[in-house]
Amino acid sequence: MYDLIHIIHLYSVFIYAGFLFTDVLFFSRMKTNFSPAEYAALREIFMGYVKRVVPVALLTAVLSGIYLFVQVFGEIAPEGLSRFQVLLSIKGFLGLWLGMRGILQKFFGIEPLVFKQHTFPFILVIVIILLSQVMYL
Ligand code: HEM
């Protein structure tokens, strides 16, 4: 069961991070190739497809992450949190922040208060992926 959820976590992250990568590094760069009206029309079509898949992928990443977290966090020793627990907690917090942003935006129409562009989640995902590897070193 754990391995199955771990795989689901990886693939949902793959879809979410893949969208951010494409949008931040490629799509938004196309602004210079089109008039503002053309670009706005293109972006609406692009986001139309995105909105069917990416919010669900983000929600799946967060829910599967919470399950994994509960399974691997472990007991807190009398001397306090271990290095793994500290790094995993930071990773979990950043992932939950992204999750809350996405859920509020998609399901409640509440736009992010700060960092409205996709550059911020893109940078956070890079940090989260790094943490997910460093935490085991
Ligand atoms: C949307 C944001 C998230 C991204 C981009 C992300 C990314 C990743 C990546 C790349 C891994 C490494 C997988 C591997 O090396 O096999 C991972 C593992 C993990 N993630 Fe996430 N994650 C996110 C959200 C969360 C959340 C919200 C939590 C918990 C609250 C979480 C908990 C975990 C745990 C516990 C593992 C370790 C699984 C293991 O190694 O067995 N993740 N995550």
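You'll find the structure just up there.
Throughout, a residue's number is its position along its own chain's written sequence, starting from 1. Two thresholds apply to this predicted model, a pLDDT of at least 70 for residue-level local features and 80 or more for giving and counting side-chain atom pairs, whereas whole-chain, interface and lining totals are computed over all residues. Only heavy atoms go into the side-chain values, all of them from the structure, while hydrogens and water stay out.

1. Brief notes about the site of the ligand
Only a single heavy atom is needed: when it lies within 4 Å of a molecule or strand, its residue is near that molecule or strand. Close contacts around the ligand come from 22 residues, with Tyr-2, His-6, His-9, Lys-91 and Gln-133 the closest. Under the rule applied, a polar contact is a pair of N or O atoms within 3.5 Å (in protein, one hydrogen donor and one hydrogen acceptor; residues adjacent in sequence only if both atoms are side-chain atoms). Interatomic distance of 2.5 Å between a side-chain N/O atom of Tyr-2 and an oxygen atom of the ligand. Between the ligand and the protein, one listed contact pairs an oxygen atom with a side-chain N or O atom of Gln-133 at 2.8 Å. The way it works is that DSSP assigns letters per residue, a run of H or I at least four long becomes a helix, a run of E at least two long becomes a strand, and they are numbered from the N terminus. Counting residues per element, the ones that place at least two in the shell around the ligand are helix 1 (2–25), helix 2 (36–72), helix 3 (83–108) and helix 4 (119–134). Taken together, the residues of the shell around the ligand sort by class into 14 nonpolar, seven polar and one charged. Each residue is assigned to one class: nonpolar for Ala, Val, Leu, Ile, Met, Phe, Trp, Tyr, Cys and Pro, charged for Asp, Glu, Lys and Arg, and polar for all the others, Gly among them.

2. A word on the coordination of the iron atom of the ligand
Looking at the iron atom of the ligand, one finds its protein donor set to be His-9 (NE2) and Lys-91 (NZ), positioned 1.9 to 2.1 Å from the metal centre. Any N, O or S atom lying within 2.8 Å of the metal counts as a donor, with the limit raised to 3.2 Å for Na, K and Ca; because water is left out of the atom set, some sites can appear incomplete. For four-coordinate sites, all angles between 85 and 135 degrees define a tetrahedron; for four- and six-coordinate sites, opposite donors beyond 155 degrees with the remaining angles between 65 and 115 define square planar and octahedral shapes respectively, and all other cases count as irregular. Each of the six donor atoms bound to the iron atom of the ligand contributes to angles spanning 80 to 177°, and the resulting shape is octahedral. You can see His-9 sitting in helix 1 and its partner Lys-91 sitting in helix 3, a full 82 residues away along the chain. Among the residues examined, His-9 registers a relative accessible area of 13% and is labelled buried. Only protein chains enter the area calculation, which uses a 1.4 Å probe; residues under 20% of their type maximum are buried, those over 50% are exposed, and those in between are partly exposed. Overall, the relative accessible area of 15% leaves Lys-91 in the buried class.

3. Observations regarding the environment of Leu-58
Tracing the chain through its elements places Leu-58 in helix 2. With relative accessibility at 9%, the residue Leu-58 sits in the buried group. Sequence separation between Leu-58 and Ile-76 is 18 residues; the distance between their C-alpha atoms is 29 Å. Those residues in contact with Leu-58, other than ones at most four positions away along the chain, are Tyr-16, Leu-98, Gly-99 and Gly-102. Whether two residues touch is decided by their heavy atoms; if any such pair falls within 4.5 Å, the residues are in contact.

4. Things to note about the nonpolar core
In these notes, a set of buried Ala, Val, Leu, Ile, Met, Phe, Trp, Tyr and Cys residues joined through side-chain atoms within 4.5 Å is what counts as a nonpolar core. Residues Tyr-16, Phe-19, Leu-20, Phe-46, Val-50, Leu-98 and Val-125 are the most contacted members of the largest nonpolar core, which totals 26 residues. Listed by contribution, the elements that provide at least two residues to this core are helix 1, helix 2, helix 3 and helix 4.

5. Quick look at the pattern of salt bridges
Oppositely charged side chains may form a pair once their charged atoms are brought near each other. In the sections that follow, a salt bridge refers to a side-chain nitrogen of Lys or Arg positioned within 4 Å of a carboxyl oxygen of Asp or Glu. Enumeration over the complete set of coordinates arrives at one salt bridge. Here Arg-43 ties to Asp-23 by a salt bridge, and the two come within 2.8 Å at their closest N and O atoms. One end of the pair, Arg-43, is in helix 2; the other, Asp-23, is in helix 1, with 20 residues separating them in the sequence. Overall, Asp-23 belongs to the buried group, its relative accessible area being 3%.

6. Description of the environment of Phe-69
Inspection of the secondary structure assignment puts Phe-69 in helix 2. When its relative accessible area of 26% is taken as the criterion, Phe-69 is described as partly exposed. Separated by 62 residues in the primary sequence, Phe-69 and Ile-7 place their C-alpha atoms 14 Å from one another.

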